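Coordinates in review
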Amino acid sequence: MSKLGRILLVEDDPRDVELTMTALGEYNLANEVVVLRDGQQALDFLYCQGEFSDRPNEHPAVMLLDLKLPKIDGLEVLQQVKSDERLKLIPVVVLTSSHEEKDKMRSYTLGVNAYVVKPVDFHEFVNAVKELGIFWAVVNEPPPGSMKKAP
Amino acid sequence: MALRCFQPAVTGAIRGQVELMQQTRSRGKAASILLPIATAAIAIGIFVADTLTDLEIAFAVLYVVVVLLAARFCGARALVLVAFGCVGFTVVSYIFTPGGSVVQGLVNTVISLTAILLTTLLALQSQKATASLQEQASLLDQAHDSIFVRNMKGIITYWNRGAQELYGWRAEEAIGKNAHQLLRTNFQVPIDDLHAELVRTGRWEGELSQARSDGTEAIVASRWSLQRDDQERPVAVLETNNDITERKHREDEIKRLNQELEIRRLNQELADRAAEIEATNKELESFAYSVSHDLRAPLRHMAGYAELLQRQASSVLDEKSARYVQTILEAAKRMGILIDDLLAFSRLGRAETKKTRVSLEQLVREVVAEFGQETKDRDIVWKIAPVPTCYGDRSMLRLVVGNLVANAVKFTRIRKSAEIEIGCVDGKNEIELFVKDNGAGFDMRYANKLFGVFQRLHRSEEFEGTGIGLATVQRIVHRHGGKVWAEGVVDQGATFHFSLPKS
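Sequence order sets the numbering: in each chain, residues are counted from 1 along the sequence as written. Going through the entries in the order they are written, you letter the chains from A and number the ligands from 1. Totals for whole chains, interfaces and linings use all residues, but because this is a predicted model, local features are given only for residues with pLDDT of at least 70 and pairs of side-chain atoms are given and counted only at 80 or more. Calculation of side-chain values draws on the structure's entire complement of heavy atoms; hydrogens and water are dropped beforehand.

**Some details on the overall build of chain B**
For clarity, the cut-off: Per the convention used, a helix needs a DSSP run of H or I reaching at least four residues, while a strand needs a run of E reaching at least two, with both numbered from the N terminus. Burial classification: accessible surface area is computed with a 1.4 Å probe over protein chains only, and a residue below 20% of its type maximum counts as buried, one above 50% as exposed, and the rest as partly exposed. Contact definition: two residues touch when any of their heavy atoms are within 4.5 Å. Areas reported here follow the Shrake-Rupley algorithm with a probe of radius 1.4 Å; residue values treat only the protein chains shown as occluding.
Each helix and strand in chain B was counted, giving 14 helices and twelve strands. In chain B, buried positions account for 37% of the 503 residues. Considering only contacts in chain B between residues 6 or more positions apart, those separated by 24 or more positions represent 63%. Looking at chain B as shown, the accessible area adds up to about 29100 Å², and 58% of this sits on carbon and sulfur atoms.

Structure follows, in structure tokens:
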């Protein structure tokens with residue numbers, strides 16, 4: 001039996017959330033997804049604070065992070081995660097519309113684990129999200145301390 | 001005889017002019033004592049000889065010498081006295097000379113007296129002329145300008161006080177020296193041209209750079225005028241020089257200050273312009289950034305939801321509705337490509353060019369190999385001439401060649417047998433590369449539209465494309481300091497050229 005890790009999707013746009021969930025749903029990965037709608041919520045989740053203060057302190061298997069986010073943007077979240085000893089082992093994948101060199105450079109400098117540009121074409125989009133989900137939630141062995149799927 | 005020989009002597013004394021005055025001025029002191037004594041001695045000698053000897057010649061004619069010598073140190077009145085003295089001596093000698101023919105003696109005496117009186121007259125005239133010249137010379141000395149005279153060999157014969165003040169050489173130091181050598185005159189034009197003008201027109205004016213006795217530079221406004229003798233032969237040059245060194249230096253200083261101001265102004269303008277460009281670039285960058293982020297998201301949603309609709313409702317949609325959904329999907333996809341192309345084009349304008357030596361030959365081969373694979377089912381004859389190396393950004397130049405070859409491949413699709421030629425013209429200052437095809441060609445009336453963004457000369461059903469390829473080519477070539485142009489004939493083919501500067 002495969003052990004599914006939890007997927008954090010940090011995305012403000014409900015349509016993108018729906019499309020991503022649809023794509024993940026095609027491969028039965030949707031149940032494992034926690035959707036966070038801005039940078040602040042993402043950090044609250046990771047630090048188990050605010051509305052997430054009573055969640056078990058385990059890391060997600062991967063965080064899919066949009067760059068353009070309200071309140072605290074994706075790059076700031078990334079910087080915070082990668083500069084914190086407790087969080088820096090969490091694999092972070094930037095999932096964005098931006099092709100910009102600047103964003104890629106900044107993300108990799110901050111220590112992102114992967115950078116994926118959301119394709120406009122829906123088939124390609126579904127493929128990209130599916131592959132991401134399968135790789136990070138199924139194929140990849142997460143670092144110790146990550147959430148395991150409930151048996 | 002005797003009369004004829006003293007005539008030139010007297011006129012010579014007048015002709016000596018300025019030089020003579022200069023000489024008398026310098027030698028005057030020594031002559032003032034010696035000359036009267038010698039003159040008196042000669043007069044007495046002549047008197048004794050004339051009185052004691054009975055020569056059958058007009059011996060007293062020699063008094064002319066006494067008169068001429070006296071003329072050099074006596075005033076007019078004294079000279080007349082000397083002349084009368086000589087006349088007296090002659091008459092006394094005639095009376096007391098022993099023996100001889102009375103008639104002969106009388107004739108000789110008359111000749112002698114005539115000679116003495118004539119000489120005196122001329123000497124007086126000469127003295128008068130000399131005095132007036134002396135007066136003029138002292139006037140020249142009063143002048144602030146530096147004035148000197150040099151003969152046709154360039155030797156200085158007159159030198160006024162102004163010249164002494166300007167150059168630091170005294171008259172006795174300067175006279176007899178070569179003027180151009182002494183003053184180390186620096187001519188702006190060849191000296192031969194200058195002399196030619198002087199001889200032709202009699203004058204010359206201009207600026208000269210000369211050296212003072214202490215070696216410092218003197219810049220002068222110089223006026224030359226040519227003196228000619230009775231036979232119109234040039235004999236001397238009067239050079240009047242006005243010291244403009246300080247004025248010149250001030251002018252230079254003003255010029256320098258003005259230039260400095262101009263440079264400062266230009267620098268400021270440049271800085272302003274650079275700041276403006278920087279601001280524009282920043283704006284453009286943030287524009288491109290938001291296009292990249294914000295415009296693509298709704299597009300993705302359109303495509304995504306249309307796709308979902310298509311899946312969800314495929315069973316209930318009639319054929320027409322299905323086509324509508326399909327068109328929405330295609331349009332969204334096309335817009336995605338357009339945005340990507342436009343963003344790439346915009347990035348190109350902002351990206352820095354990393355220039356190195358680039359082997360265009362290898363670059364062309366790579367591109368052709370790439371397209372060869374894609375077009376292996378088509379009949380394309382490639383003609384590739386040797387291409388030299390150039391200087392530029394390799395990845396950008398690859399885009400240029402890639403775009404041109406892609407166009408050639410695309411527009412020859414309608415040919416059974418396509419021909420694509422890649423050649424080069426190796427010019428003196430630039431390298432020109434061209435890509436020629438026998439494809440659809442274009443109407444030269446629209447040639448100016450070829451390189452514009454999103455400009456297309458063919459309907460999209462005929463040939464696909466976003467209209468950004470040639471705009472990209474032009475932008476890259478322009479950023480390399482080169483040119484792009486094209487020729488074409490509808491339905492016969494097109495040739496696209498680009499040139500790159502060699503350095």
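**A look at the interface of chain A and chain B**
Keep this limit in mind: Buried area: the sum, over both parts, of the accessible surface (1.4 Å probe) that disappears when the two are put together. Salt bridge, as used here: a side-chain nitrogen of Lys or Arg that lies within 4 Å of a carboxyl oxygen of Asp or Glu. Any N or O atom pair separated by 3.5 Å or less is treated as a polar contact, with the protein-specific requirement of one donor-capable and one acceptor-capable atom, and with residues adjacent in sequence counted only for side-chain atom pairs. Residues were grouped as follows: Ala, Val, Leu, Ile, Met, Phe, Trp, Tyr, Cys and Pro as nonpolar; Asp, Glu, Lys and Arg as charged; and all remaining residues, including Gly, as polar.
With 24 residues of chain A in contact, the opposing surface of chain B contributes 23 residues. When chain A packs against chain B, the two sides together hide about 2200 Å² of surface, and 53% of this comes from carbon and sulfur. Where chain A meets chain B, there are three salt bridges. Across the pair D16 of chain A and R300 of chain B runs a salt bridge, and its minimum N-O distance is 2.6 Å. For the pair chain A and chain B, the interface holds nine residue pairs in polar contact (both at pLDDT 80 or more). Elements with a minimum of two residues in the side of chain A that touches chain B: α1 (14–25), α4 (101–110) and α5 (122–139) of chain A. A per-element tally of the side of chain A that touches chain B places α1 of chain A first, with five residues. Taken together, the residues that form the side of chain A that touches chain B break down as seven nonpolar, six polar and eleven charged.

**Some details on the nonpolar core**
Heads up, the condition is: Definition of nonpolar core: a set of buried residues of the types Ala, Val, Leu, Ile, Met, Phe, Trp, Tyr and Cys, connected through side-chain atoms within 4.5 Å.
Ranked by size, the top nonpolar core spans 39 residues in total, and within it V401, L404, F496 and F498 of chain B carry the most contacts. Of all the elements in the fold, those that place two or more residues in this core are α12 (360–374), α13 (394–411), β9 (417–426), β10 (430–437), α14 (469–479), β11 (483–489) and β12 (493–501) of chain B. Here this core gets eight residues from one element, more than from any other, and that element is α13 of chain B. In this structure F496 of chain B touches L404, L433, F434, V435, F442, L450, F451, L470, W485 and A486 of chain B, once residues within four positions along its chain are discounted. If you look at the next biggest cluster of nonpolar residues, it comprises 25 residues, including L8, V34, A42 and L75 of chain A.

**Notes on the packing of α12 of chain B against α13 of chain B**
Helix-helix packing is described using two parameters, namely the angle between the two axes and the distance between the axes. All names here are of chain B. What counts here: To get an axis, fit a line to the C-alpha atoms, keeping to the stretch in contact for a helix; angles then go from 0 to 180 degrees between the N-to-C directions. Throughout, the term roughly parallel applies to angles under 35 degrees, roughly antiparallel to angles over 145, roughly perpendicular to angles from 65 to 115, and oblique to all others. Two helices crossing with the near one rotated counterclockwise from the far one by less than a right angle form a left-handed crossing, whereas a clockwise rotation gives a right-handed crossing.
Their axes nearest at 9 Å, the elements α12 and α13 cross at an angle of 45°. Here α12 lies oblique to α13, going by the angle between them. Here the hand of the crossing between α12 and α13 comes out right-handed. For the pair α12 and α13, the contacting residues are Q362, L363, V364, E366, V367, E370 and F371 in the first and R394, L397, R398, V401, G402, V405, A406 and V409 in the second.

**Observations concerning the packing of helix α3 (residues 74–83) of chain A against α4 of chain A**
Residues and elements named next belong to chain A. Orientation of α3 relative to α4, taken along the N-to-C sense of each, is 15°, at an axis distance of 9 Å. Taken together, the axes of α3 and α4 are roughly parallel relative to one another. Here α3 runs over α4; the crossing is left-handed. Between α3, through L75, L78, Q79 and K82, and α4, the contact on the second element is made entirely by D103, R106, S107 and L110. Of the residues that constitute the contact of α3 with α4, the class distribution is three nonpolar, two polar and three charged.

**Digging into the side chain of R212 of chain B**
Residues and elements named next belong to chain B. Locating R212 in the fold gives a position in the loop between β3 (203–211) and β4 (217–228). Of note is the side chain of R212, whose polar atom sits 3.4 Å from the side chain of D243. Beyond its immediate stretch of four places on either side in the chain, R212 contacts L166, Y167, W169, R184, E217, A218, D243 and T245.

**Some words on the sheet that holds strand β2 (residues 33–36) of chain A**
Residues and elements named next belong to chain A. Spelled out, the test is: Criterion used throughout: strands pair if DSSP finds at least two bridges between them.
With parallel pairing, the five strands of this open sheet are ordered in space as β2-β1-β3-β4-β5. Lying at the two open borders of the sheet, with one neighbouring strand each, are β2 and β5 (114–117). Averaged over all pairs of adjacent strands, the angle between their axes in this sheet comes to 20°, without regard to strand direction. Direction of pairing for strand β3 (residues 62–65) relative to strand β4 (residues 92–96): parallel, over a ladder of three bridges. By the bridge assignment, L64 is partnered in β4 with V93. Strands β1 (7–10), β2 and β3 of the sheet are contacted by helix α2 (residues 39–46), whose axis makes an angle of about 135° with β2.

**A word on the environment of G145 of chain A**
All names here are of chain A. Mapped onto the elements, G145 comes out in the segment after α5. Each C-alpha atom, one on G145 and one on A61, is 9.4 Å from the other, the two residues being 84 residues apart in sequence. Residues within four places of G145 in sequence aside, it is in contact with E58 and H59.

**Things to note about unusual backbone geometry**
Residues and elements named next belong to chain A. For N28, which is not a glycine, the phi torsion comes out positive at approximately 55°. Tracing the backbone shows N28 in the loop between α1 and β2. Unlike most non-glycine residues, C48 shows phi in positive territory, near 50°. Relative to the assigned elements, C48 resides in the loop between α2 and β3.

**Some remarks on a nonpolar patch on the surface**
Rules: To count toward a patch, a residue needs a relative accessible area over 30% and no salt bridge; like charges are then connected within 9 Å, while nonpolar side chains (Val, Leu, Ile, Met, Phe, Trp, Tyr) are connected within 5 Å.
Together, Y27, I134, F135, V138 and V139 of chain A make up an exposed nonpolar region whose accessible area comes to about 390 Å². For F135 of chain A, a relative accessible area of 38% puts it in the partly exposed group.

**Re the sheet that holds β11 of chain B**
Residue and element names in this part refer to chain B. Here five strands make up an open sheet; going across it, the order is β7-β9-β10-β12-β11 and the pairing mixed. Strands at the two margins of the open sheet, each flanked by one partner only, are β7 (379–384) and β11. Along the sheet, successive strands turn relative to each other by an average axial angle of 10°, direction set aside. Judged from the eight bridges that link them, β10 and β12 form a sheet pairing that is antiparallel. For L433, the partnering residue across the bridge sits in β12 and is F498. Across the sheet, α12 touches β7, β9 and β10, and the angle it forms with β7 is around 175°. Sitting on the sheet, α13 touches β7, β9, β10 and β12, and the angle it makes with β12 is about 170°.

**Re α3 of chain A**
Residue and element names in this part refer to chain A. Selection rule: As used here, the arc belongs to the directions running from the helix axis to the C-beta atoms.
Among the residues making up α3, those that are buried are G74, L75, V77, L78, V81 and K82. Buried residues along α3 cover an arc of 155° about the axis, so they all sit on one side. On its buried side, α3 packs onto α2, β3, β4 and α4. Measuring from the side-chain oxygen of the N-cap residue of α3 to the backbone nitrogen of L75 gives 3.1 Å; that N-cap residue is D73.

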